[in-house]
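Secondary and tertiary structure notes
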Amino acid sequence: MNKLSTIFKVAAFAAALFAAFNLSGATFEGQPDIFPDYKDVTIPPNIAPLNFRVNNAKDAVVTFETAGYSLKIKGRGENGADIRFRIRKWRRLLDAARGGEITVKVTAVADGRIGDFEPFSIKVSEEPIDKFLAYRLIDPGYETWNNMGIYQRNLENFRQTAVVTNSQTDKNCMNCHNFCNRSPQKMVMHMRAVHGCTLVLDNGKVEKLNTKTPQTISALVYPQWHPSGRFIAFSVNDTGQAFHSCDANRIEVYDMDSDVVVYDTETHEIISCPLLMDTLRCETFPTFSPDGTTLYFCSAQRLHIPEEFDDARYDIFSVSFDAESRTFGSRIDTVFCASELGHSASFPRISPDGRRLLFTFSDYGNFSIWHKAADLWMTDLQDGHTAALDAVNSDDVDSYHSWSGNSRWIVVSSRRGDGLYTRPYFAYIAEDGTPGKAFLLPQKDLDYYDSFLKSYNIPEFVTGRVKPSVRRALAREAIKSPGTDLTFLQR
Amino acid sequence: MKCSRTRLIVVVTAIVAAVAAFLMLALAVPFKLYSLEQNQLFLWDRHYILSTICSVGGISRLLSDFLLGFFAVKYAGAAISAVLLSLLVLFSGKAVGRCGAPDGCIPPLALVPAIAVLAVLLDPALHWDEVISLVAAFAAFAGYVSIENYKTRCAAGTLLFPLLWLATGAEGLLFTICVLLYEFLKGNFSWPTAIQPVVTAAVLFAGVRLSWVPDPRWDLGPLSHYEWHGELSLGQLMPWISLPMSMVLAALTTLLRRKGVKIAFATVLYGAVLLYGVFTAVAICRTDQSFEELDWHLKARDWDGVIASYEKYSRSPDIKVINDVFLNIALAEKGELCEKMFNYEQHGLSSLYFNYGRNVRAASLMNELYYSAGAVALSARMAFEANVNAYGHLNPRMTQRLVQTNIILGSYEVAEKYIKLLEKSIFYRKWATSQRQFLGDDERVAGDSEYGAKRLCTDGANYLGETEGFDNDLMEILRNNPSHTISADYLMAMYLLERDMDGLALALDEFYGTEALATLPKAVQEAVIITSEVKPGYMEQFEIDRRIFSRYLKLRREAGDLYSNDQQILYKLTANYMDTFWLYAMFADNDE
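What comes next concerns the included structure. Every value quoted in this text rests on a predicted model; they were computed, and no experiment measured them. (Residues numbered from 1 in each chain as written. Chains lettered and ligands numbered in written order. Predicted model: local features only at pLDDT ≥ 70, side-chain atom pairs only at ≥ 80, totals over all residues. Heavy atoms only, no water.)

Focus: the overall build of chain B
Note the threshold: For the purposes of this entry, the term helix denotes a DSSP run of H or I that reaches at least four residues, the term strand denotes a run of E that reaches at least two, and both are numbered from the N terminus. Each residue is assigned to one of three classes by its accessible area relative to the maximum for its type, calculated with a 1.4 Å probe on protein chains only: buried under 20%, partly exposed between the two thresholds, exposed over 50%. For the area figures, the Shrake-Rupley method with a 1.4 Å probe applies, and any residue is considered shielded solely by the protein chains shown. We score Asp and Glu as negative and Lys and Arg as positive, and we do not count His or the chain ends. Charge placement uses NZ in Lys and CZ in Arg. For Asp and Glu, CG and CD serve respectively.
From N to C terminus, chain B includes 31 helices and one strand. Along the three orthogonal principal directions, the C-alpha set of chain B runs to about 100 × 65 × 40 Å. Of all 592 residues assigned to chain B, the portion counted as buried reaches 55%. Here chain B displays about 25,300 Å² of accessible surface, and carbon together with sulfur accounts for 62% of that area. Here chain B carries 51 positive and 62 negative side-chain charges, and the mean point of each set is 14 Å from the other.

If you want it as structure tokens, here you go:
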């Protein structure tokens, strides 16, 4: 019986090989079902190999063809035929296809027959993506945590290393990292619970800050660097959370109150103005324009929370900021009024070329990473045109996002895979603003996302690797330093 | 001849130790051992295995996860522990023998490390891979001392250290300490001995620089396998210092010349080790395992077992309010909560419902309460909290609950994710596969007696759980699914425990006479009778058992005599009516 089964297996694989040499007869309808879905995506010329699995096929031969180069890969597996690239061959393929496209033909043994699927293409852009992606790996949990950390992944291969983990800092909570102009030399992050503080990394030197002041409602939250590297915009939030009884959104995170402030790294002062600390409104998620002259933020009317949690509607506003005098403008401008559409906008992010505003558009509230309805929208800041990024969005949460340095790539945190664990998806944004189809961060192991029980939180592009010495310096400073107290200055 | 006799002594000591450890663990703390299985889940999964092995100490962790999976099987935990302890005895015996201990002194010296490990075996903060790592380090050291040639031995030690460190973690350092001590005791001070510490320091330095050692404060010493890092206690230090200590004592025996001194030394040694062993045994036998025992029965849905265990522990002078929650869940599941809850001592609302305070064990218990009450989303939340905080990879029971709650809530993709994981386990594979039938099949879920009933509880308007009190959530559940009468039981019990007669009255207004609360249970009738004292005619709206009312009249008469301040009457009253809400309402301290 065993012999018979071996003969069948050999025969099946031989059949697959025949198929590889175009001896197959049948044609399967449509394109193959592959995971991750890399069909008809646009990818950067320096991305790691897009390993994928041909679902419902035990054996497959995949041909990648581009101008002047062709590559054939055989794959097999229990759960589908796994197609894995050797990194050198993948590089040659990408180099050949740069600025053009790769045609992918899949021949597989599926449903007991051999056949070809309809080919699909992968476009390879001219513009590269930033080399590293930094993110926090956390359990998509509610209140408690165990192991967590901020990690960095080299997008050109599969190597992931830790920036800092809470195994170094007595298992505390760490969050909200942000890099100044995507530089690995200049970073800010928070720690909560034990050793609670804000840590600022500046060229290898780490400073610990105690950021709660009597004039602000909380310690500093949600950082975004000023392009000069001197200032960091934060919000201060009185945040709560509750749990839906029977809603797909599971958790509701809301602000009872919030304000926007700017921290001056040179004077250790927190600066704000009445326009950013309106007692009748909740201001949050600040971000600077790439030239540093404008501060964008979200704001909503202050309501009775949590009773009116689903009535909160956030809009995007801006106010001018003069770095020289450390003063804000006297007028708030409306950038995008989501509330007029009965919706809410959060996480505004300006492309580094200053051309576009990317934000999350959701049904209500500001913590859209738990809202299934959350989608990415984009505003062209030159003509004011605003539209949903349909090619990028999914039926599930598409929320936290950031821009690559050349403004051609975005990364978005999405729960589209299994409805709970967020994964980073990348998408190309063409010169004219046309978005490409989003694709999942490639992994070496095709079962990785199935068994990995952490969410990728706050994915941020970084131009280089954060050095291992920073890891020790961050932990050492958090544990040993008493920290610097900040003072508040109302402008 | 001498060598084989020594070996025999060591083997016999190991066997005796194994039998004694097995009997003690199996008889005194079986539920503690069963509960260890819930702290991690071994998976036949490439990512899990590779990521575990590729970290320092990963092989120990993987082996520990694998072995702990068997702890759910009766007596397996005790047997595995006993075998590992006996291995420690064997390897320690070899080491102390090589250090020159006379045969008569080998048993106590070989037993010390095993007793030291036994003493911390049930420490809730200890990760079990410590035991595996110690066995590996002792085995490596026993192998090391077996090599006769000095230079070969030093070369082997130098090569063994990095391997041992990668496989077991900090215990590699313990190996180096033992090696250095051994060579010192043997008087070998030449250059080959110096290579070992140099290599050790270099490897550890590289480990720290490369961040393979996340936190050098803990990860290079005896606390490396502890979940919480407090101040190092003697108990935590003992497994590390016990073997070096035994080696020093063994070497000391070689210096004793006079027979009398030798006998005195051996007597003191036997006495001290015996005392240490007895002290450890007593500590283990006195370990409180009430939570684990109640939880074991709860996990098996053995409600009578929960009640019997509760009764067993209720005789203890230490009141554990958390045990009341087990009892009340069991009573509710039997449909007897508001009938019999005051047959037992209750301690306010926290006997049923409390803030879990980010405590893992409390989270797992609250998950059971919420699930039982039909608050499925809150149950999922608590299962998630408890799962996240499992020491190891996953908590199998909480993962099962996440499968169940996500199926009920219709989040099939999430449920499937957990099913896939459980299908890679040894003991939960079959159960996980059985749950696949529900994925995407709403009709099948609705038709299932358990899932269907729970899903009905969530079919209604969405609200934010617990923001207006859990009693409000229970009312919503009853509005959605009046046939889920256990929720009514919990609702009434909450008001009774809080002595909130207004809340009870509002709930009765809405639910009495409906499917949710067709008749009033005994304790609620008693509450209604009391309410009638301040709201005349109130009890006429309800069907009150005449016997209960007559009993109340009798109580009132007897209570009237209380004004005489006669202690005898008070005792009599307590004895006669201690199973009633009346007595609870009069005397119970809600703040407990």
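With respect to the packing of helix α8 (residues 150–168) of chain B against helix α9 (residues 171–186) of chain B
Residue and element names in this part refer to chain B. Keep this limit in mind: In this analysis, axes come from line fits to C-alpha atoms, helices being fitted only over the stretch in contact, and the angle between any two N-to-C directions falls in the range 0 to 180 degrees. Roughly parallel covers angles under 35 degrees, roughly antiparallel covers those over 145, roughly perpendicular covers 65 to 115, and oblique covers all other angles. The hand of a helix crossing depends on one turn: near helix anticlockwise from the far one by less than a right angle means left-handed, and clockwise means right-handed. In this description, contact between two residues means that some pair of their heavy atoms is separated by no more than 4.5 Å. By the convention adopted, Pro, Cys, Tyr, Trp, Phe, Met, Ile, Leu, Val and Ala count as nonpolar, Lys, Arg, Asp and Glu as charged, and the other residues, Gly among them, as polar.
Remark: α8 packs on α9, axes separated minimally by 7 Å, with the N-to-C direction vectors making an angle of 160 degrees. With respect to their mutual orientation, α8 and α9 come out roughly antiparallel. In terms of crossing hand, the pair formed by α8 and α9 is right-handed. Residues Tyr150, Arg153, Gly157, Leu160, Phe161, Leu164, Trp165 and Thr168 of α8 form the contact with α9, whose participating residues are Glu171, Gly172, Leu173, Phe175, Thr176, Tyr182 and Glu183. Residue classes in the contact of α8 with α9 are distributed as eight nonpolar, four polar and three charged.

Thoughts on the pairing of strand β8 (residues 101–110) of chain A
Residue and element names in this part refer to chain A. Put simply, the rule reads: Think of it this way: DSSP has to see at least two bridges between two strands before they count as a pair.
Counting buried positions over the 10 residues of β8 gives seven, a clear majority of the element. Pairing geometry for strand β5 (residues 59–66) and β8, over seven bridges, is antiparallel. Residue pairing for β8: Thr63 is matched across the bridge by Lys105. One ladder, built from four bridges, connects β8 with strand β10 (residues 120–124); its direction is antiparallel. Within β10, the residue paired with Thr103 across the bridge is Ser121.

Observations regarding the side chain of Asn328 of chain B
As for its placement among the helices and strands, Asn328 of chain B is situated in helix α16 (residues 321–333). Residue contacts for Asn328 of chain B: discarding those within four places in its chain leaves Leu337, Met341, Gln346, Ser351, Leu352 and Tyr490 of chain B.

Notes on the interface of chain A and chain B
So the rule is basically this: Simply put, the buried area is the total loss of 1.4 Å probe accessible area from both parts when two parts are fitted together. Just to be clear on terms, a salt bridge is a Lys or Arg side-chain nitrogen sitting within 4 Å of an Asp or Glu carboxyl oxygen. Polar contact criterion, stated in full: a pair of N or O atoms within 3.5 Å, where within protein one must be able to donate a hydrogen and the other to accept it, and residues adjacent in sequence count only if both atoms are side-chain atoms.
The partner chain B presents 41 residues to the 43 residues of chain A that form the contact. Buried area between chain A and chain B, summed over both chains or domains, comes out near 3,700 Å², and the portion from carbon and sulfur atoms is 50%. The largest contributions to the chain A side of the interface with chain B come from Thr144, Ser245 and Arg472 of chain A, which together make up 16% of the buried area. Across the contact surface, chain A and chain B share six salt bridges. Our count for the chain A to chain B interface comes out at 22 residue pairs in polar contact (both at pLDDT 80 or more). Listing elements by their share of the side of chain A that touches chain B, those giving two or more residues are β19 (231–244), β20 (251–264), α3 (448–451) and α4 (468–480) of chain A. Here the side of chain A that touches chain B is built from residues that sort into 17 nonpolar, 11 polar and 15 charged. Sheet topology note: the β19 of chain A/strand β1 (residues 464–465) of chain B ladder contains two bridges and is antiparallel. Considered in β1 of chain B, the bridge of His244 of chain A is made with Leu464 of chain B.

Notes on the environment of Thr198 of chain A
Residue and element names in this part refer to chain A. Along the chain, the position of Thr198 falls in strand β16 (residues 197–202). For Thr198, a relative accessible area of 0% corresponds to the buried category. With 21 residues separating them in the primary sequence, Thr198 and Ala219 have C-alpha atoms 8.6 Å apart. Thr198 has contacts with Val188, Met189, His190, Glu207, Lys208, Leu209, Thr211, Leu220 and Phe234, leaving out every residue within four places of it along the chain. A distance of 2.8 Å separates the side chain of Thr198 from the side chain of His190, its partner in a polar contact.

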